Amino acid sequence: MLTVRNLHARVAGRDILKGIDLSVRFGEVHAIMGPNGSGKSTLARVLAGHPEYEVTAGEVTFEGEDLLAMDPETRARVGVFMAFQYPVEIPGVNNAYFLKTALNTVRKHRGKEELDAMEFLTLVRERMKQLDMDEAFLNRPVNEGFSGGEKKRNEIFQMAVLEPRLAVLDETDSGLDIDALRVVADGVNAMRSADRAFLVVTHYQRLLTYIVPDVVHVLSEGRIVRSGDKSLALELEDKGYGWLEEPVGKP
Amino acid sequence: MMLDQYATEYAAARARRPSDEPAALARTRDEALDRFMALGFPTTRDEEWRFTSVAPIADQAFALAAPDTDARHAGILPFRFGDAFSAELVFVNGQYAPALSTVPALPAGAQVGSLAAYIAGHASGVEGHLAQVASFDRRAFVALNTALFADGAYIQIPAHAVLDKPIHVAFISTGAANGRPAMSHPRVLVVLGDNSQASIVETYAGQAGTRYFTNVVTEAVLGSHAVLDHYRLQHESRGAYHVGAMCVNAGRSANCASHSISLGGALVRNDVLAVLAGEGVECTLNGLYLADGRRFVDNHTTIDHAMPHCGSREIYKGILADRARGVFNGKIIVRPDAQKTDAKQTNRALLLSEDAQVNSKPELEIFANDVKCTHGAAVGQLDEDAVFYLRSRGLGLTEARHMLIHAFLGDVLHRMPLVPIRHGVEAVLERQLAQALAAAA
Ligand SMILES: Nc1ncnc2c1ncn2[C@@H]1O[C@H](COP(=O)(O)OP(=O)(O)OP(=O)(O)O)[C@@H](O)[C@H]1O
Ligand SMILES: [Mg+2]
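If you're wondering where the values come from, they're calculated on a predicted model, not measured in any experiment.

Draft legend 1. Representation of the overall build of chain A in the model. The secondary structure content of chain A amounts to 8 helices and 12 strands. Relative to a compact globule of 251 residues, whose C-alpha radius of gyration would be 18 Å, chain A shows 18 Å and is just as compact. Its C-alpha atoms give chain A principal-axis dimensions of roughly 60 × 40 × 35 Å. A total of 251 residues make up chain A; the buried ones form 53% of that total. Residue pairs at least 24 apart in sequence account for 68% of intrachain contacts in chain A once pairs closer than 6 positions are excluded. Summed over its atoms, the accessible surface of chain A is roughly 11,100 Å², and 47% of this surface lies on carbon and sulfur atoms.

Printed below as a string of C-alpha cells:
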C-alpha cells in the first residue's frame, strides 16, 4: 500500500533523508528505530506533508497514488495519519469541535455520511472508553495544558476516531508510564486489520513487546541501514546502534 | 486653508438650523467651531496622534449632505434586527429617516428618537447632558462634531426602567453630496437613570466603494446602578474615513460595557473614554478590529478610575492582513482617590502578512497605592505548526486558518452578551476573513 523509493528530503537547508526505500503492505506493522537525529521524525513529517520539508528526490506512492503530489489535508482525507512526537497546543480550539470537523471532512471525502452531534458523541465516547480517557478532554482546547502522556493518548484517540489506512506513530510511547503504554498499545492493536498498516517510530523495544511488528527498520543518518524481523529490535536493545555504524551495502 | 471650508460649511449649517434650537446650544456650537478652527486637525506631532496621519481627511473638501431618506438606502446596512430589537433608528448621511425607522412602545417615561427633535422640544435630559461628557477643549474632531452635528439619536431611560430588547441606531452614508465626498457628524446621547438598564447597538455602514467622512460622538451618562451594554459596529465602506468618540461617565456602582467592532473604513480612529466617576463601577472595554489592503485602524482607549473600588476589564484584539496598519493605545488612569482599583488590560494583534504592522502601547498613570493594575500586549503571526496540525487531520488550509483566527478572537466574541450581534459580527468577519485570506494565499 505504501512504497517509498529513494526518498531524499531536506529542511532548513540541510539534507536529512538520503535515500529511503520502504515497502509496506496492508495489514503490516513496521517499526522504525534509530538514534536521535537520524531522521525518523523527518520521514514521518514528509509522509504527512509538512510544508517545511522539501523532497529533493525519490517518490512515494500510497495505494497506487502519488502521495507527494497531495497537500497535507488530502493525505489525511485519503487515510494517512501521523501521531505527532510533539503534539501542538492550540488554545481556544475546542477538542470536540476540532475533531468533529476533521472527522466529517474525512468522511465526506471518503463518500460517507457526515455524523451529527449525537452520532459523533456516541462514537467518541466509545473510543475514549477504550483508551481510558476522561470525557472532560472533549471540552478542553486541543492539547492545551495536557501532560505529555495525555497528549500522546489524545493522538491515539484521534487516530481511533479518524480510522486511517496508514498510521504513522512518531514516538507515541515516549512520555508514557507502563500502564498508559499498555492502554495505548491495546488501542493500536484493536485497530490492526487487514486493510490498515502502521509505521511505528520508537527508540525502545519496550513498545514492540506490546505492538509486535512484522518488520523492523533501523534508520541512521537518513538511510535505512538494516531491516529485519522483530528480533532485530531485541538485538538493538542489547547492543545499541554502534554496531550498525558501518552499514552493509553502503556505496 | 482647508480649514476655511469648515467655517463656510458651518455658516451654511447655522443658517439652516431650526429657529427653535436653544440659545445655549447655539453658543456651544459657536464655541466649538472656534475651538476647532484654533486647534486645526491633529498632526503626528501631537502625542495622541503620533502614528496616525489624518492628512487624507484634512486635505479634502467634504460637503455636508442634504437630507436624503430614500428607502433603498436601508439596503446598505449589513443587518437589521427586526423583532429581536425594540426601537430601530435609521439615519442617512446624518439625517433622521423616520420612514426607515421603527419606534415601538417603550417603558413609561423613556425617550428614544431623533436628537434634533428632542433638542427642538427642549427635552430636559438633552439640555442637562449634551456636550457635558464629551469635552471638545482638546479634541478637534469632537469640536467639529459639536459644531456641525445635524442629528443623531437621543436615548433616555428613566430610573428603574429596564429595556428588555436592545435599541439599534444605524447610520448610513451614501457617499457623495453636491458632487463632493459627503461628511456627516452624527451625535448620540444616552442618559440612563438610576437602576435602569439598556443595550444599544450603533451601526455605521456606507455605499460600497464610496469615499466619505463620518465623525461621530456618543455621550453616555449612567446613573447609579445603571447598566449599559453598548456596541459600535463600524462597517463603513472600504474607502471611508471614520473618526468616532465614545465618552462615558459612569455613576456609583454602574455597570458599563463598550464593544467596539471595527471592520470597515480606509482610515479609522476610535476613541473610547470611560470616566468611572462613582464608587464600585464595573467597566468592560471590548475591542475587535480587522483591516486588510492598505487600510488603517487606530484604537485609543482611556479608562479614568476617579473613585475607589472600581474594576475595569479591557481586551482588544486585532487582525491585520496585507499592508494594513493598526494602532492601539490603552491608557489607564488611577486617580489619588481611586484606592482598591482593579484594572486589567490585554491587547493582542495577529498579523497575517509580513507587511502588516501594528503599534501598540499601554499607558498606565497610577497615583494611588492600593491598586491592582495589570496589562499585557502581544503581537504575533498564526502558529504555522498549529495550521499544519489541523491540516494533518483533514481540515483545508483556509479552514484551518479560520479556526485559529476564531480561537484568537474567541474571548472577545464571547464577551458580547447580545447573541444576534455576535452572530452578525461573526458572519461579517467570516466574509472579510475569507477575502483577506484569499488575498494572502
Ligand atoms: N524543522 C527543522 N528545522 C531544522 N532542522 C531540523 C528540522 N527538523 C529536523 N531537523 C534536523 O534534522 C535532523 C533529523 O531530525 P529528526 O527529528 O527527523 O530526528 P529523529 O530521528 O526523529 O530524532 P529523535 O529520535 O530525537 O526524535 C536533526 O539533526 C534535526 O535537528
Ligand atoms: Mg523524532
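Draft legend 2. Expanded view of helix H6 (residues 178-191) of chain A. All names here are of chain A. When the terminal C-alpha atoms of H6 are compared, their 20 Å separation across 14 residues agrees well with the 20 Å that a helix rising 1.5 Å per residue should span. Those residues of H6 lying buried are Ala 180, Leu 181, Val 183, Val 184, Ala 185, Gly 187, Val 188 and Met 191. The secondary structure elements touched by the buried residues of H6 are helix H4 (117-130), helix H5 (148-162), strand E9 (166-170), strand E10 (197-201) and helix H7 (205-210). Capping the start of H6 is the job of one residue whose side-chain oxygen sits 3.2 Å from the backbone nitrogen of Asp 179: Asp 177.

Draft legend 3. How the structure looks around the site of ligand 1. All names here are of chain A. Lining the immediate surroundings of ligand 1 are 18 residues, of which Lys 40, Ser 41, Thr 42, Tyr 53 and His 203 lie closest. One of the side-chain N or O atoms of Arg 14 is found 3.2 Å from an oxygen atom in ligand 1. Here an oxygen atom of ligand 1 and a side-chain polar atom of His 203 are 2.7 Å apart. Contact with the protein chains hides 72% of the accessible area of ligand 1, taken as 630 Å² for the molecule alone. When contributions to the shell around ligand 1 are tallied by element, the ones reaching two or more residues are strand E2 (14-24) and helix H1 (40-48). Per-element accounting of the shell around ligand 1 gives the leading share, 4 residues, to H1. Its residues placed into classes, the shell around ligand 1 shows 5 nonpolar, 8 polar and 5 charged.

Draft legend 4. Local environment of the side chain of Gln 345 of chain B. All names here are of chain B. Within the element layout of this structure, Gln 345 appears in strand E20 (residues 342-351). Residue classification places Gln 345 among the buried residues on the basis of a relative accessible area of 1%. Here Gly 330 takes part through its backbone oxygen, which lies 3.2 Å from a polar atom of the side chain of Gln 345. Here Gln 345 is in contact with Glu 314, Phe 328, Gly 330, Lys 331, Ile 332, Pro 362, Thr 374, His 375 and Gly 376, once residues within four sequence places are set aside.

Draft legend 5. Representation of the coordination of the magnesium ion (ligand 2). Residue and element names in this part refer to chain A. Around the magnesium ion (ligand 2), the protein contributes the donor atoms Ser 41 (OG) and Gln 85 (OE1), at 1.9 to 2.2 Å from the metal centre. Of this pair, Ser 41 sits in helix H1 while Gln 85 sits in the loop between strand E6 (80-83) and strand E7 (90-94), placing them 44 residues apart in sequence. In this structure, Ser 41 and Gln 85 share a single accessibility class: buried.

Draft legend 6. Spotlight on the sheet that holds strand E1 (residues 2-11) of chain A. Residues and elements named next belong to chain A. Spatial ordering of the open sheet is given by E2-E1-E4-E5, a layout of 4 strands whose pairing is antiparallel. Looking along the sheet, the strands with just one partner apiece sit at the ends: E2 and strand E5 (65-66). Pairing between E1 and E2: 8 bridges, direction antiparallel. Looking across to E2, one finds that Leu 2 is bridged to Val 24.

Draft legend 7. Structural detail: the environment of Pro 35 of chain A. Residue and element names in this part refer to chain A. With respect to the helices, strands and loops of the structure, Pro 35 is situated in the loop between strand E3 (29-33) and H1. A residue is classified by how much of its surface remains accessible, and Pro 35, at 27% relative accessible area, is partly exposed. For the pair Pro 35 and Val 216, spaced 181 residues apart in sequence, the C-alpha separation works out to 14 Å. Beyond its immediate stretch of four places on either side in the chain, Pro 35 contacts Lys 40, His 203, Leu 219 and Tyr 241.

Draft legend 8. Representation of a negative patch on the surface within the structure. Together, Glu 52 of chain A together with Asp 383, Glu 384 and Asp 385 of chain B line one region of the surface with negative charge. One can find Asp 383 of chain B in the loop between strand E22 (372-380) and helix H7 (384-391).

Draft legend 9. Region of interest: unusual backbone geometry. Residue and element names in this part refer to chain B. One non-glycine residue with positive phi stands out, namely His 122, at about 55°. Structurally, His 122 can be placed in the loop between helix H4 (115-120) and helix H5 (124-129). One non-glycine residue with positive phi stands out, namely Ala 131, at about 65°. Among the structural elements, Ala 131 can be located in the loop between H5 and helix H6 (140-148).

Draft legend 10. Structural view of the sheet that holds E20 of chain B. Residue and element names in this part refer to chain B. One open sheet accounts for 10 strands, arranged E3-E2-E6-E10-E12-E14-E16-E18-E20-E22; its pairing is mixed. Each edge of the sheet is formed by a strand with only one pairing partner; in this case those strands are strand E3 (95-96) and E22. The strands that helix H8 (residues 397-414) touches are strand E16 (282-291), strand E18 (311-320) and E20; relative to E18, the one it contacts most, it runs at about 155°.

Draft legend 11. Representation of the interface of chain A and chain B within the structure. Facing the 31 residues of chain A at the interface are 17 residues of chain B. Along the contact surface separating chain A from chain B lie 2 salt bridges. For the salt bridge of Glu 73 of chain A with Arg 391 of chain B, the shortest nitrogen-to-oxygen distance reads 2.6 Å. The set of elements that each furnish at least two residues to the side of chain A that touches chain B consists of helix H2 (72-78), E6, E7, helix H3 (95-109) and H5 of chain A.

Conventions and cut-offs
- Residues numbered from 1 in each chain as written.
- Chains lettered and ligands numbered in written order.
- Predicted model: local features only at pLDDT ≥ 70, side-chain atom pairs only at ≥ 80, totals over all residues.
- Heavy atoms only, no water.
- Helix = DSSP H or I, 4+ residues; strand = E, 2+ residues; numbered from the N terminus.
- Rg over C-alpha atoms; globule rule 2.2 N^0.38 Å.
- Buried < 20%, exposed > 50% of the residue type's maximum accessible area, 1.4 Å probe, protein only.
- Contact = heavy atoms within 4.5 Å.
- Areas by Shrake-Rupley, 256 points an atom, 1.4 Å probe, with all protein chains shown as cover.
- Expected span 1.5 Å × (residues − 1).
- Polar contact = N/O pair within 3.5 Å; in protein donor to acceptor, adjacent residues only side chain to side chain.
- Near = heavy atom within 4 Å.
- Nonpolar A, V, L, I, M, F, W, Y, C, P; charged D, E, K, R; others polar.
- Donors = N, O, S within 2.8 Å, 3.2 Å for Na, K, Ca; no water.
- Pairing = 2+ DSSP bridges.
- Patch = residues over 30% accessible without salt bridge, like charges linked within 9 Å, V, L, I, M, F, W, Y side chains within 5 Å.
- Salt bridge = Lys/Arg side-chain N within 4 Å of Asp/Glu carboxyl O.
- Lys, Arg positive; Asp, Glu negative; His and termini not counted.
- Charge placed at Lys NZ, Arg CZ, Asp CG, Glu CD.
- Axes fitted to C-alpha atoms, helices over the stretch in contact; angles between N-to-C directions.

By themselves these figures say nothing about function.
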